[in-house]
Amino acid sequence: VLKTTYSIVIQNPEVLNLSLTNLFYSVCHHEVSLSKNKRLCGPSSAAEFSTESEAIEFFKSWRRSADCEMSVVKIECYVSV
């Protein structure tokens, strides 16, 4: 079965004055995502949503959303049932 989820990727993390830990994510993973706790993280800890609009609403509720640009990434993977 094909499972589709959506995740948030921060497009311009440099405007957030990232700490060294978060800078590590942007350099090593080439992307900075947003976790369920609304913290910057790498792709393995990124929050996943069932719809694109749910992801957008989550991003808008983040206190730093006005400072950043984001994109919603569609993730498709096959899972066993």
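Anyway, here's the lowdown on the structure attached to this text. From a predicted model like this one, the values you see are computed outputs, not experimental measurements.

What follows covers the overall build of the protein. A tally of helices and strands in the protein yields 2 helices and 4 strands. Tracing the protein from N to C terminus, the helices and strands come up as β-α-β-β-α-β. Sorting the 81 residues of the protein into buried and exposed places 33% on the buried side. Summed over its atoms, the accessible surface of the protein is roughly 5,300 Å², and 50% of this surface lies on carbon and sulfur atoms.

Attention now goes to the sheet that holds strand 4 (residues 70-78). Ordered by their spatial adjacency, 4 strands build an open sheet running 3-2-1-4, and the pairing between neighbours is antiparallel. In this open sheet, the two strands that pair with only one neighbour each are strand 3 (40-41) and strand 4. In this structure, strand 1 (residues 2-10) lies alongside strand 2 (residues 32-34), joined through 2 bridges in antiparallel fashion. Following the sheet pairing, V9 is matched in strand 2 by S33.

This part takes up the packing of aromatic side chains. Aromatic rings in a pair are described by how distant their centres are and how their planes are angled relative to each other. For the structure on display, the rule yields 2 aromatic pairs. Where F49 meets F58, the ring centres are 5.0 Å apart and the plane angle is 45 degrees; that geometry is what we call tilted. For the pair formed by F49 and F58, the shared burial category is buried. Ring geometry for F59 versus W62: centroids 5.9 Å apart, planes at 50 degrees, classification tilted. Above the plane of the ring of F58 lies K38, whose end atom (NZ or CZ) is 5.1 Å from the centre.

The rules we used
- Residues numbered from 1 in each chain as written.
- Predicted model: local features only at pLDDT ≥ 70, side-chain atom pairs only at ≥ 80, totals over all residues.
- Heavy atoms only, no water.
- Helix = DSSP H or I, 4+ residues; strand = E, 2+ residues; numbered from the N terminus.
- Buried < 20%, exposed > 50% of the residue type's maximum accessible area, 1.4 Å probe, protein only.
- Areas by Shrake-Rupley, 256 points an atom, 1.4 Å probe, with all protein chains shown as cover.
- Pairing = 2+ DSSP bridges.
- Phe/Tyr/Trp six-rings, centres within 6.5 Å; stacked < 30°, edge-to-face > 60°.
- Lys NZ or Arg CZ within 6 Å of the ring centre and 35° of its normal.

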